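Residue-level structural notes
Here are the chains, one letter per residue:
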Amino acid sequence: VIDVIDKGGPGSVPSVSATTYLFGNPYPSALDVHKFIDDNAGVISGTLQLWQQWSGSSHYLNEYNGGYAQVNKLGSTRAYQFVGFYGSNNGSQDGTKTPTRYLPVGQGFMAEIIGDGQVVFNNGQRLFIIEADADGSYGNGSTFFKNGNSKSKGTETSKTEQDSLVFQKIRLEFNSVTGPETRRELLLGFSELTSDAFDYGYDATNIDYFPNDLNWIVDDVLCVIQGVGAFEDTKKYPLSLLISNTGSFKIELKSLENFTEDINVYVYDSEEETYTRINDTFYEPLVTEIGEFRERYFIAFKEPNLSTVEIDNEEND
């Protein structure tokens, strides 16, 4: 049990005024992220940050490549290249690993404190999971965030009780085509447990603001991971597009997970009233000016039916 105090208070800004603590898995076994987040509801924000160094041989920033990846109960996203002591980054999401649901032995992590209280570790959060089972997916094995490859500490196959909840997931990526390099990974998950409002432990706020960016809008909060209700092809999910430099950008569909049938994914431009399918291509937002465009662009899954008019056709001599 660790006593913590939230000095940032409500509305604190990540990497500026938010209160964050450094923790670590204290057990000689893997730690279940889901259980840890649930057991500390009301004290931590519900999303954990794991540091990865993926290249470099010096602690000098211009010779060091590393940053924070994020993980919560829905999934995880890769790290951005860290370039400053106050959380700034270069806008390039170059991290090579995504965290799994299971934190390995000795893994350190950061958590934002949102309320005074105690951060609790207990035996109910422990599981037998080995690093050798990691295959790049969220639900298998544990991935230790260090430079170099992990080595298995045993040959026994991990066996855990699987959740009855399986998220259907859509992973998007926002990239620059011309102009300053930028890359943003967004994750959207559908389930019966989550809602279209902000859900503790499933929605992850943006902690890496940079000049050109794309985010989900959840209860007026910018998020990079969003859990919503069960999949319905009639729904649309709003985006916030921030453009601070001249150039062109694109939105890509990177993966679909746990869908039993093929679905269509569109970018809907509410100003132009256009739907662009991005399953096998990408979409370039139609913006020419600098600014923030909230709820102009949406992710959608169905084009509206076109109205039809019956016309009587008479033969003409």
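Since the model is a prediction, treat every value here as computed from it, not as a measurement. (Residues numbered from 1 in each chain as written. Predicted model: local features only at pLDDT ≥ 70, side-chain atom pairs only at ≥ 80, totals over all residues. Heavy atoms only, no water.)

1. Examining the overall build of the chain
Where we set the bar: Labels follow the DSSP assignment, with helices taken as runs of H or I lasting at least four residues and strands as runs of E lasting at least two, numbered in each case from the N terminus. For every residue, the accessible area obtained with a 1.4 Å probe (protein chains only) is divided by the maximum for its type, and the residue is called buried under 20%, exposed over 50%, and partly exposed between those limits. Here, two residues are considered to be in contact whenever any of their heavy atoms come within 4.5 Å of each other. Reported accessibility uses the Shrake-Rupley method at a 1.4 Å probe radius. Residues are deemed covered only where the shown protein chains occlude them.
A count of helices and strands for the chain gives 1 helix and 21 strands. Looking at the chain as a whole, 49% of its 317 residues are labelled buried. Taking the intrachain contacts of the chain between residues at least 6 apart in sequence as the baseline, contacts between residues at least 24 apart amount to 70%. With an accessible surface of roughly 16,200 Å², the chain has 47% of that area assigned to carbon and sulfur atoms.

2. Considerations on the nonpolar core
Note on soluble globular proteins: their nonpolar side chains tend to be buried together. The condition is simple: We call a set of buried residues a nonpolar core when its members are Ala, Val, Leu, Ile, Met, Phe, Trp, Tyr or Cys and they connect through side-chain atoms within 4.5 Å of each other.
Of all hydrophobic cores here, the largest spans 36 residues; its most connected members are Ile170, Trp216 and Phe301. For this core, the secondary-structure elements that each account for two or more residues are β11 (168-178), β12 (183-190), β14 (213-218), β15 (221-228), β16 (236-243), β17 (248-257) and β21 (291-300). Residues Phe36, Leu50, Val119 and Phe121 belong to the second largest nonpolar core, which totals 19 residues.

3. Observations regarding the packing of aromatic side chains
Put simply, the rule is: Within 6.5 Å between ring centres, the rings of Phe, Tyr and Trp (the latter by its six-membered ring) count as paired, and their orientation is classed by plane angle as stacked under 30 degrees, edge-to-face over 60, tilted in between. The rule is short: NZ of Lys or CZ of Arg within 6 Å of the ring centre and within 35 degrees of the ring normal puts a charge over the ring.
Counted under the stated rule, the structure contains 19 aromatic pairs. The interplanar angle of 85° and the centroid separation of 6.2 Å between the aromatic rings of Tyr266 and Tyr275 together place this pair among those described as edge-to-face. No difference in accessibility class separates Tyr266 from Tyr275, as the two residues are buried. These aromatic residues form a ring-pair network of at least three members: Tyr21, Phe23, Phe36, Phe109 and Phe121. It is Lys236 that lies over the ring of Tyr268; its NZ or CZ is 5.4 Å from the centre.

4. Considerations on the sheet that holds strand β2 (residues 19-24)
Two pairing modes exist for strands in a sheet, parallel and antiparallel, and in both the strands are linked by backbone hydrogen bonds. We apply this condition: In this scheme, strands are said to pair when DSSP sees at least two bridges between them.
Spatially, 5 strands are ordered β2-β8-β4-β5-β6 in an open sheet, and the strand pairing comes out antiparallel. The open sheet has two edge strands with one neighbour each: β2 and β6 (76-77). Direction of pairing for strand β4 (residues 44-56) relative to strand β5 (residues 64-71): antiparallel, over a ladder of 8 bridges. Its bridge partner lying in β5, Trp51 is registered against Tyr68.

5. Comments concerning the sheet that holds strand β10 (residues 126-127)
Within the open sheet, the 3 strands sit side by side as β7-β3-β10. Their pairing is antiparallel. At either end of the open sheet lies a strand with only one pairing partner, and these are β7 (102-103) and β10. Sheet topology places strand β3 (residues 30-32) next to β10; 2 bridges connect them, and they run antiparallel. When the bridges of β10 are listed, Leu31 appears paired with Arg126.

6. Quick notes on a nonpolar patch on the surface
Just so we agree on the cut-off: Residues forming no salt bridge and having over 30% relative accessible area are the ones grouped into patches, like charges within 9 Å of each other and nonpolar side chains (Val, Leu, Ile, Met, Phe, Trp, Tyr) within 5 Å. Salt bridges are defined by distance alone: a side-chain nitrogen of Lys or Arg within 4 Å of a carboxyl oxygen of Asp or Glu.
A contiguous nonpolar surface patch, about 300 Å² in accessible area, is contributed by Val13, Val16 and Tyr209. Relative to the assigned elements, Val16 resides in the loop between β1 (2-4) and β2.

7. Considerations on the pairing of β16
By the criterion of burial, β16 is predominantly enclosed, with 6 of the 8 residues buried. Bridge count between β16 and β21: 7 bridges; the pairing is antiparallel. Note on β21: the bridge partner recorded for Leu241 is Phe293.

8. A short note on the side chain of Asp269
If you trace the backbone, Asp269 turns up in strand β18 (residues 266-269). Non-local contacts of Asp269, meaning those with residues more than four positions away in its chain, are made with Thr274, Tyr283, Leu286, Arg296 and Tyr297.

9. Thoughts on the confidence of the model for the chain
Going by this rule: The pLDDT value tells you how sure the predictor is about a given residue, anywhere from 0 up to 100.
Per-residue confidence for the chain gives a mean pLDDT of 82, with 79% of residues at or over 70. The model gives residues 148-162 a pLDDT under 50, and that stretch makes 18 contacts with residues more than four places away or in other chains.

10. Some details on the pairing of strand β19 (residues 274-277)
Across 4 bridges, the pairing between β18 and β19 is antiparallel. Within β19, the residue paired with Val267 across the bridge is Thr276. The antiparallel hairpin formed by β18 and β19 contains 4 residues in its connecting segment, where Glu273 sits at a positive phi of about 55°.

11. Brief notes about the pattern of salt bridges
On inspection of all chains with the given rule, the structure shows 12 salt bridges. In this structure, Glu271 engages Arg296 in a salt bridge whose closest nitrogen and oxygen atoms are separated by 3.7 Å. Here Glu271 is found in the loop between β18 and β19, whereas its partner Arg296 is found in strand β21, with 25 residues between them in sequence. Look at the salt bridges and you will find they share partners, linking Asp220, Glu292 and Arg294 into a network.

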